[in-house]
Amino acid sequence: MANSEKLRLEHRQRQARKMQERGWQPRWFSKEKAHGAFRYIGGYWEARQEGNWDSCPDIFGQIPSDHLSDEGQITA
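Figured I'd write up the structure that's included with this text. (Residues numbered from 1 in each chain as written. Predicted model: local features only at pLDDT ≥ 70, side-chain atom pairs only at ≥ 80, totals over all residues. Heavy atoms only, no water.)

A full pass over the atoms with the stated rule returns five aromatic pairs. A centroid spacing of 5.2 Å and a plane angle of 75° characterise the contact between Trp28 and Tyr44, whose relative ring orientation is edge-to-face. With Trp28 in the loop between α1 (2–21) and β1 (29–31) and Tyr44 in helix α2 (residues 44–50), the pair connects residues that are 16 residues apart, well separated along the chain. With a relative accessible area of 18%, Trp28 lands in the buried category. Tyr44 gets classed as partly exposed once you look at its relative accessible area, which sits at 26%. Here the aromatic rings of Tyr44 and Trp45 are separated by 4.8 Å at their centres, their planes lie at 80°, and the arrangement is edge-to-face. Residue classification places Trp45 among the exposed residues on the basis of a relative accessible area of 52%. Aromatic ring contacts, followed pair by pair, group Trp28, Tyr44, Trp45 and Trp53 into a single cluster. (Phe/Tyr/Trp six-rings, centres within 6.5 Å; stacked < 30°, edge-to-face > 60°. Helix = DSSP H or I, 4+ residues; strand = E, 2+ residues; numbered from the N terminus. Buried < 20%, exposed > 50% of the residue type's maximum accessible area, 1.4 Å probe, protein only.)

Encoded structure:
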């Protein structure tokens, strides 16, 4: 049972890495063009205070079907 969970999490990590490679954008930060640094744009502390994480992906769960192709590949 532990091995199946380990394999599931490893698979999920690979899927998340592929999403990032295909243009995933941070939710609460934007990249400044001039310096290449990331700047906080707001939203995290409000979500934390409200306990509302509905707009956040479940990093330990399944990838939503609208992010997968018919072959099960991540489409970003």
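Now for the pattern of salt bridges. According to the stated counting rule, one finds three salt bridges in the structure shown. Among the salt bridges present, the one from Arg8 reaches Glu5, with a minimum N-O distance of 2.8 Å. You can see Arg8 and its partner Glu5 sitting in helix α1, three residues apart, about one turn around the helix. The class for Arg8 is partly exposed, based on a relative accessible area of 29%. Residue Arg39 pairs with Glu32 through a salt bridge whose shortest N-O separation is 2.5 Å. (Salt bridge = Lys/Arg side-chain N within 4 Å of Asp/Glu carboxyl O.)

Here the focus is α1. Under the 1.5 Å per step criterion, the end-to-end length of α1 is 29 Å for 20 residues, consistent within 8% with the ideal 28 Å. Along α1, the positions that sit buried rather than exposed are Arg12, Gln15 and Met19. Angular distribution of buried residues about the axis of α1 spans 60°; they occupy a single face of the element. Looking at α1, the residues exposed on the side facing more than 90 degrees away from the buried face are Ala2, Gln13 and Glu21. Within two residues after α1, Gly23 carries a phi angle of roughly 105°, on the positive side. (Expected span 1.5 Å × (residues − 1). Arc of directions from axis to C-beta.)

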